Amino acid sequence: MNPRIHTHKPIVYIISLIAALAGLLFGIDIGVISGALNYLQVDLNLSTSQLETVTSSILVGAVIGAMGSGWINRHYGRRFAILVSAVIFVIGSIGSAMAASYNTLVIVRIILGLALGVASFSAPLYLSEMAPAAIRGRLISCYQLMITVGIVLAYLSDTGFTHLQSIGILSAAQAWRWMLGAVAFPAALMFIVVLFLPSSPRWTALKGRDEETLHILKRIRHAHQVEQEFTEIKESATLAMPLRDLLRNQSLLKVIFLGVMLQLIQQFSGMNAILYYAPIIFGQAGFNQTDGMWVTVSIGAINVITTIFSLYLIEYLGRRALMYLGAILLFISTSTLAILFNSGLTGTNAMLAITSVFVFIIGFAISYGPVVWTLCSEVYPLRVREFGITCSTVANWVGNSLIAAFSLSIMKNFSVSGFFVMLAIIAILSFVFFRFFMPETKGVSLERIEKNVWANTPLLKLGEA
Ligand code: BGC
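Before going into details, it helps to say that this report is about the structure given with it. (Residues numbered from 1 in each chain as written. Predicted model: local features only at pLDDT ≥ 70, side-chain atom pairs only at ≥ 80, totals over all residues. Heavy atoms only, no water.)

## Notes on the nonpolar core
Counting 143 residues, the largest nonpolar core has Leu 40, Phe 89, Met 190, Leu 262, Ile 299, Phe 420 and Phe 434 as the members making the most contacts within it. When residues of this core are assigned to their parent elements, the largest contribution, 15 residues, is made by helix α17 (residues 348–378). Residue contacts for Phe 89: discarding those within four places in its chain leaves Leu 25, Asp 29, Leu 112, Ala 115, Leu 116, Ala 119, Ala 187 and Met 190. Ala 205, Val 226, Phe 230 and Ile 233 belong to the second largest nonpolar core, which has seven residues in total. (Core = buried A, V, L, I, M, F, W, Y, C linked by side-chain atoms within 4.5 Å. Buried < 20%, exposed > 50% of the residue type's maximum accessible area, 1.4 Å probe, protein only. Helix = DSSP H or I, 4+ residues; strand = E, 2+ residues; numbered from the N terminus. Contact = heavy atoms within 4.5 Å.)

## Some remarks on unusual backbone geometry
It is generally the case that most residues other than glycine have a negative phi and that most peptide bonds are trans. One non-glycine residue, Asn 45, adopts positive backbone phi at about 55 degrees. Residue placement: Asn 45 occurs in the loop between α2 (21–44) and α3 (48–76). A relative accessible area of 65% means that Asn 45 is categorised as exposed. You will see that Asn 456, though not glycine, has its phi angle at about 60 degrees, which is positive. Among the structural elements, Asn 456 can be located in the segment after α19 (446–454). The partly exposed category is assigned to Asn 456, whose relative accessible area is 38%.

## A few points about the layout of surface pockets
As a volume, the second largest pocket reaches approximately 510 Å³. Together, 21 residues line the second largest pocket, and Pro 132, Ala 133, Gln 225, Gln 228 and Glu 229 are the ones closest to its centre. In terms of residues, the lining of the second largest pocket owes the most to one element, helix α11 (residues 223–237), which gives five residues. (1 Å grid on protein atoms, 1.4 Å probe; cavity = no way out; pocket = protein on both sides within 12 Å on 5 of 7 lines; lining within 4 Å. Points joined across faces, edges and corners; volume = space filled by probe spheres on them.)

This is how it looks when you write it as structure tokens:
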């Protein structure tokens with residue numbers, strides 16, 4: 001049968017949109033802190049390093065949260081894990097808004113990070129298990145789309161509260177508390193809507209709950225699709241082997257390597273250095289505050305718009321083609337930025353530099369952003385999916401923390417230009433990695449990929465029939 005879009009039940013899209021709300025919270029939490037930093041500095045009298053700690057504390061929590069997620073997902077299911085993350089998001093956001101001191105704020109943001117770790121683990125996993133093979137990439141990319149929308153919403157909400165502060169309605173202390181506390185609203189919304197979602201049929205199958213699995217499949221698939229998918233899911237769910245043995249399994253270690261590498265490549269592309277520090281980088285190059293804001297908002301908007309295109313391209317061109325395209329665009333933009341920063345950002349160079357940053361964002365949003373989360377939810381066999389995704393999600397957050405912690409110092413010690421040279425080299429190495437290790441999984445069922453993994457098929461051919 002031709003797996004075209006209209007052959008899927010509308011409920012699949014609704015479920016995906018709701019689960020992707022976790023991405024929205026991810027994005028809001030990444031984006032919101034930048035606007036709050038100035039007020040925090042004034043109100044709590046924080047030093048630069050304290051501001052860095054406030055920013056990165058959430059990442060520490062995310063690493064820990066991602067580590068614990070496998071356990072929650074295995075024992076209590078994907079839906080339950082998303083609910084837990086929603087509760088922590090609400091508590092963490094209200095806690096941040098009420099934090100009386102620097103220390104409390106850091107602790108509360110570590111707790112908030114736990115939610116981020118759990119959500120970034122569970123939502124793509126849930127989406128991958130609910131989605132029909134033909135549009136799986138697209139539905140998981142909805143999660144990435146929501147991350148980008150969340151980042152923009154955070155910028156806009158920060159801008160709104162900054163405005164209220166500038167016209168005297170809020171004090172500096174109230175402004176940052178509102179910025180951080182406002183995240184509780186979408187988090188509460190997520191909690192309520194996720195309550196109505198069904199469990200993942202692949203998780204219920206793992207738990208041996210066959211009737212429930214069938215019931216869920218009947219809700220989310222057309223009648224003629226249920227039987228075959230049920231049989232395939234059962235087959236992989238019954239492949240019982242203790243984790244210890246699984247870890248001695250070469251083929252499995254290979255896919256774990258693939259997932260970890262892809263997430264590290266995503267982070268070391270430098271996207272978050274641009275997201276977190278673009279205003280600072282351009283500020284040092286002589287841009288004023290307004291220009292900085294303008295660049296930041298445009299970056300957010302381009303990120304969203306490009307991700308929308310990627311939703312189509314991921315099923316049309318496939319995962320590999322997008323990653324190649326991404327690596328090429330990242331190389332062109334970072335090497336141009338290296339040259340421009342080296343020769344000074346005056347006159348046309350300044351416009352060229354901003355254009356290059358936009359090309360960089362397009363390169364990331366068309367490929368590394370959506371494709372990496374997609375691939376990482378696809379390549380692990382069911383029995384070890386939680387463990388595999390734990391490894392890759394932890395790699396994502398560790399990479400994110402390293403970039404947040406060190407990019408500014410690298411720029412300081414080796415120059416901004418040197419930093420972009422580094423990113424350009426990473427883009428070339430990534431291209432080589434994709435060429436030799438990255439499989440094409442477009443339109444292939446999770447069970448087919450799994451069979452290939454167990455047959456010790458080379459990584460490059462994991463998606464082949
Ligand atoms: C990455 C985040 C990044 C975001 C930007 C995600 O895929 O994992 O680290 O901030 O994309 O859009």
